[in-house]
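Chain by chain, the residues run as shown.
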Amino acid sequence: MSDLIITEKTNPNTLNIDVASSLEIARMINEEDKKVAEKISENLTSIAKAIDIISENFLKGGRLLYFGAGTSGRLGVLDASECPPTFNSPNDMVQGIIAGGDRALRFAIEGAEDSCELARKDSEKLNITEKDTVVSISASGNANYVIEVLKLAKEKKAKTIALTCNPMANISKIADVVICIETGAEYKSQAHSQVARHDRPAGGFLLLLPPIISGKQHHIGNPGRRSASGDDISYEKPCSVRDQKAHSTCQTGQGSPQDNKRFMSPRIICHDSYRQP
């Protein structure tokens, strides 16, 4: 019996991917990718729990912090980077941290995924508190970096979420909520051709992160709702401390002309309980 975890095994459905035609390769990958959405549907209860935890912590002034190494870390950084332009959230409200730092976004940093020291340094820089939500993203769920991050977060009494593709992942034993998308073995040829290799876990995470981030933003900001007149699409977005003060003065008629115009036109909801850390 093989000791390999499921995400490192060879997918029997793609054994000949290195000698297949371009169309056959596309069909193989497409058929396997269809299974990812089905696996996500099996985790909807856990996903909902994650959304609730993140939303509750946001309303306490907490942050959402993604941690990961390699591709998993890059996806966390990508998702966090989309929040300010999409939801008008403060830059530090959702953050993505990749083992090895910004250079690891473009280059492989050998040993970063197994470094507990990097995990401690990155955690200390962020000054994690009980108001924060820490998400460790890892296909195998066994990298020392993400394991150490969760342990440190638990010590700070922060809420923790494990996002993995391995039902036997070590991070699943630590986190408050576990989302396990069992995408199965990698697309790999018999020759283990690097040209033909394709990581299915990345596809699973790409499908999963948007519902989590969008769900929690809808809970606290409800973006995309039409105005009462139905003429234009307007957005309810969480605001900065400055916006909350401006909104308050507008309600009493004491706001500046610029702020009055801003808050009387689009529907911007200021959540008094949210404060930037």
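These numbers come from a predicted model, not from an experiment.

Student: Explain the sheet that holds strand β4 (residues 159-164) to me, please; I cannot follow it from the model alone.
Tutor: Each strand in a sheet pairs with another by means of backbone hydrogen bonds, the pair being arranged parallel or else antiparallel. One open sheet accounts for five strands, arranged β2-β1-β3-β4-β5; its pairing is parallel. Of all the strands in the sheet, just β2 (94-98) and β5 (177-180) have a single pairing partner and so form its edges. Sheet twist, expressed as the average angle between the axes of neighbouring strands with direction ignored, equals 15°. Relative to β5, β4 runs parallel, the two being bridged by four bridges. Following the sheet pairing, I161 is matched in β5 by V177. Here helix α3 (residues 70-87) sits on the sheet and contacts β1 (64-68), β2 and β3 (133-138); the angle it forms with β2, its principal contact strand, is near 155°.

Student: Would you explain the environment of E130 in this entry?
Tutor: Inspection of the secondary structure assignment puts E130 in the loop between α4 (116-126) and β3. Residue class for E130 comes out partly exposed when judged on its relative accessible area of 47%. When the C-alpha atoms of E130 and N57 are compared, they prove to be 8.6 Å apart, with 73 residues separating the residues in sequence. Dropping the residues within four chain positions of it, E130 is found in contact with N57, K156, K157 and A158.

The rules we used
Residues numbered from 1 in each chain as written. Predicted model: local features only at pLDDT ≥ 70, side-chain atom pairs only at ≥ 80, totals over all residues. Heavy atoms only, no water. Pairing = 2+ DSSP bridges. Helix = DSSP H or I, 4+ residues; strand = E, 2+ residues; numbered from the N terminus. Axes fitted to C-alpha atoms, helices over the stretch in contact; angles between N-to-C directions. Contact = heavy atoms within 4.5 Å. Buried < 20%, exposed > 50% of the residue type's maximum accessible area, 1.4 Å probe, protein only.

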